[in-house]
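Residue strings, one per chain:
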Amino acid sequence: MKVGLAHLGVVAYIFASSALVFAFPQSVLAFLSFEASLLVIYHASVDQTTKLCLGAIVLLVLLPVLGSVNGYYLEIAIQVGIFVALALGLNIVVGFVGLLNLGFVAFYAIGAYLWAIFGSPQANHFIPGNLFPLSSAWFFPFLLLSVGVGALTGALLGLPVLRLRGDYLAVVTLGFAEVVRALVNNFDKPINITNGPKGITPIEKPPLFFQPLLEFFGLRVDPSVLYPFYFYFIVLFIVILTVLVAQRLEESRIGRAWKAIREDEIAAASMGIPVVRMKLLGLAVGASFASAVGVLFAAKQVFINPESFTFMESIGVLAMVILGGMGSIPGAILGATGVTILNLQLLKGLSLWLNTVRQAGVVLSIPLLGDFNLSQIPAQFEPAKYERMVFGLILILMMMFRPQGVLPPRQKRGH
Amino acid sequence: MALLELRGISKRFGGLQALNRVDLTVEDGMIAALIGPNGAGKTTLFHTLTGIYRPDEGEIRFIGRSLVGLKPDKITGAGISRTFQNIRLFARMTVLENILVGMHCRMSTSLWGILLQSRGVHRQEKEAARKAMELVELAGLRGKENEWAHQLSYGEQRRLEIARALAATPKVLLLDEPTAGMNTSEAQSLMMLFKDLIGRYVQALLLIEHNMRVVMGISHRVYVLDYGEKIAEGHPDEVRRDLRVIEAYLGRGTWVGDAQS
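About the criteria used
Residues numbered from 1 in each chain as written. Chains lettered and ligands numbered in written order. Predicted model: local features only at pLDDT ≥ 70, side-chain atom pairs only at ≥ 80, totals over all residues. Helix = DSSP H or I, 4+ residues; strand = E, 2+ residues; numbered from the N terminus. Rg over C-alpha atoms; globule rule 2.2 N^0.38 Å. Buried ≥ 20, exposed ≤ 12 C-beta atoms within 10 Å, placed from the backbone. Contact = placed C-beta atoms within 7 Å. Core = buried A, V, L, I, M, F, W, Y, C linked by C-beta atoms within 7 Å. Expected span 1.5 Å × (residues − 1). Nonpolar A, V, L, I, M, F, W, Y, C, P; charged D, E, K, R; others polar. Domains from an automatic or database assignment. Pairing = 2+ DSSP bridges. Axes fitted to C-alpha atoms, helices over the stretch in contact; angles between N-to-C directions.

Regarding the overall build of chain A
- In terms of regular secondary structure, chain A is built from 15 helices and two strands.
- Over its C-alpha trace chain A gives a radius of gyration of 23 Å, about what one expects of a compact globule, namely 22 Å for 415 residues.
- Projected onto its principal axes, the C-alpha coordinates of chain A cover approximately 65 × 55 × 55 Å.
- Burial analysis of chain A (415 residues in total) assigns 41% to the buried set.
- Sequence separation of at least 24 residues holds for 76% of the intrachain contacts in chain A that already meet a minimum separation of 6.

Have a look at this one:
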């Protein structure tokens, strides 16, 4: 393997940006430049193995280390991971099979409530014997179970709507998500299954099965310090798994069948593709991703209620897929990462900065207009209050100037 | 031996009798042509044959089994594939992927095999890619296998559609106006290609043509449809002289003098 300038450049960038975060743990810009290192790795002209190794170093070593400097970064990474897995799932349904799904969050809710009900005392309300909460050891079996439950509900939703396309299907999926939310909201009587709008808490966290091992090595770590790292690695594991599944499916006859259905259903059927089966499979796989992440979300939040699963969440994930580039796995990852960082860091960071500027009473002198004291800006003009507006503007501009998304599907070289 | 046999196929759309008791036979090694004026029901017959429509009456038999009521993908699986009058490629897929889609029903990789990347999946994918490249070559699209289908020129798209249909390894290939929009010499060279397909890639061809002259040279039997009814069948020379065929194409009123010569 030849080590070229590109290799050195990438490594230098990663090193420099991590050093920046170390030096300025509170700086949003420093962390952004570190996050960008993954993009740099993706686009660098180095071979696949090097990319994988560098990516592994960043995600497995550097990010957790930086997380110990500023714990908020781990929280961001976990959120990003959750949305990446969601976007990858929706990308299969919308991007590959071409079924516009406006109610994707329903499957996320199903997964979350699955663990929330049985991983908390909630299930005692309708199952006698005081068996609940299940011990945290059940978290991983439930993660597996949620994949099955998600796939099943995804396929069940598919059955009645298979003949629908485009706008009609979109309306049905929208209705489905609202039905799920209404059910969750109202199933506190006559039998209390979901505890209604009050939500469910406390939900069991994943088991710390490795704690005896740590103690064996003489490390006594407080679980509350350990959990963010633990969740980060679980999310990372799920994301890697979903990327692998999505990628392998895309390059198989199943993925090709999905895209053929997206492009022309009649031609696809005439070329020997069982359209109904393939659509159901696509819906099931997408839903299973969302449902698995839902279980993790419930365990991480400890408390969930129906408010976490509104229509806006579905639209948010859809926007990630569209911004990134429909039908493209790197696109879905980038879209989810970008939008989450925008929401959690950029806009909040900007508003914080403007706030300090305002309170400092900086005076701007604009030619012709005269002096302008920033402290006179009313509090209503905080950028954080306009999060959605900025987000909407980005969507409008993207659709006008780059409708195919940031990283649209590429023509792959043949075998 | 009759590969494909249609007996008394009828199809109505509301008050319109699109097909009326049509009989048609395609035999092994044969190039059969289906001709007729616009709106005669040629494409409807193809749609009925490939399972997009279900016939109201009649029987379709293919190597001894009935195809009536089967879904399009099952009919392709049984060994009949087709092209479309208005090209229906998968636009945002590459040339190679388009052809690979055609092989879907000839591959048997399962969901689990794909997720675990089993050895069988690797072998099948490699084999499929090799065969697909062969068909790329046949369609004269070498070097363009990684381009999006919608980037191809019109003629290339027509040929890609034929290659895609061949990828399903059909016994009978149905071609719906394959020469539409081509000039006579292009059409003639395509017809020569079709002749070569028989025995090598398919056992028989059934093609719809609008232009009578193109099919006369290569077809063994011609069926003529008009207003959903079969008005003539037989050897091209017989059909050409058939009074009802001439009427259907030219109309009775405009026919003056000795048009048969």
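Some remarks on the nonpolar core
All names here are of chain A.
- In this structure, Ala87 and Val293 are the most contacted members of the largest nonpolar core, which totals 180 residues.
- Counting residues per element, this core draws most heavily on helix H4 (residues 71-96), which supplies 18 residues.
- In contact with Ala87, not counting residues within four places along its chain, are Val317, Met320, Val321, Ala332, Gly335 and Ala336.

Notes on helix H7 (residues 184-197) of chain B
- In this model H7 of chain B runs 20 Å from its N-terminal to its C-terminal C-alpha over 14 residues, within 8% of the 20 Å that 1.5 Å per residue would give.
- At the exit of H7 of chain B stands Gly199 of chain B, carrying a positive phi of roughly 90°.

Topic: the interface of chain B and chain A
- Taken together, the contact between chain B and chain A spans 37 residues of the former and 25 residues of the latter.
- Examining the composition of the side of chain B that touches chain A, we find that five residues originate from one element, helix H3 (residues 95-102) of chain B, more than from any other.
- Taken together, the residues of the side of chain B that touches chain A sort by class into 17 nonpolar, 10 polar and 10 charged.

What about the domain arrangement of chain A?
All names here are of chain A.
- In terms of domain boundaries, chain A breaks down into domain 1 (1-69) and domain 2 (74-323).
- Distance from the C-alpha centre of domain 1 to the C-alpha centre of domain 2: 30 Å.
- In the side of domain 1 that touches domain 2, the residues fall into three nonpolar, one polar and no charged.

Brief notes about the environment of Asp176 of chain B
All names here are of chain B.
- The topology assignment puts Asp176 in strand E7 (residues 172-176).
- Judged by C-beta crowding, with 24 C-beta atoms within 10 Å, Asp176 ranks as buried.
- Leave out the neighbours within four places in its chain, and Asp176 touches Thr43, Phe46, Arg82, Thr83, Phe84, Gln85 and Ile208.

Let's talk about unusual backbone geometry
- In this structure, the amide linkage connecting Phe132 of chain A to the following residue, Pro133 of chain A, adopts the cis form with an omega of 0°.
- Among the secondary structure elements, Pro133 of chain A is positioned in the loop between helix H5 (105-118) and helix H6 (139-161).
- Residue Pro202 of chain A is reached from Thr201 of chain A by a cis peptide bond, and omega for that bond is -10°.
- Within the secondary structure, Pro202 of chain A sits in the loop between helix H7 (166-186) and helix H8 (211-216).
- Non-glycine residue Tyr227 of chain B carries a positive phi angle of around 45°.
- Within the fold, Tyr227 of chain B resides in the loop between strand E9 (221-226) and strand E10 (229-234).
- For Tyr227 of chain B, a count of 16 C-beta atoms within 10 Å corresponds to the partly exposed category.

Some words on the pairing of strand E4 (residues 57-62) of chain B
All names here are of chain B.
- Bridge count for strand E1 (residues 2-13) against E4 is five bridges, and the pairing is antiparallel. Directly across from Ser10, in E4, lies its bridge partner Glu57.
- Taking the residues that link successive antiparallel strands as the turn, the E4-strand E5 (residues 65-66) hairpin has two residues, and the phi of Ile63 there is positive, at about 45°.

Notes on the sheet that holds E7 of chain B
All names here are of chain B.
- Taken together, the six strands give an open sheet; going across it, the order is E6-E7-E8-E3-E9-E10, and neighbouring strands pair in mixed fashion. Strand pairing shows two members of the sheet lacking a second neighbour, strand E6 (80-82) and E10, which therefore form its edges. Neighbour-to-neighbour, the strand axes of this sheet turn through a mean angle of 20°, independent of strand direction.
- As paired strands, strand E3 (residues 31-35) and E9 are joined by four bridges and run parallel to one another. Across the sheet, residue Leu34 finds its bridge partner in E9, namely Tyr223.
- Across the sheet, helix H10 (residues 243-250) is in contact with E9 and E10; its angle to E10 comes to roughly 125°.

Side note on the environment of Gly67 of chain A
Residue and element names in this part refer to chain A.
- Considering the arrangement of structural elements, one finds Gly67 in helix H3 (residues 48-69).
- Sequence separation of Gly67 and Pro228 is 161 residues, and the distance between their C-alpha atoms is 8.8 Å.
- Setting aside chain neighbours within four positions, we find Gly67 in contact with Tyr73, Leu74, Pro228, Phe229 and Tyr232.

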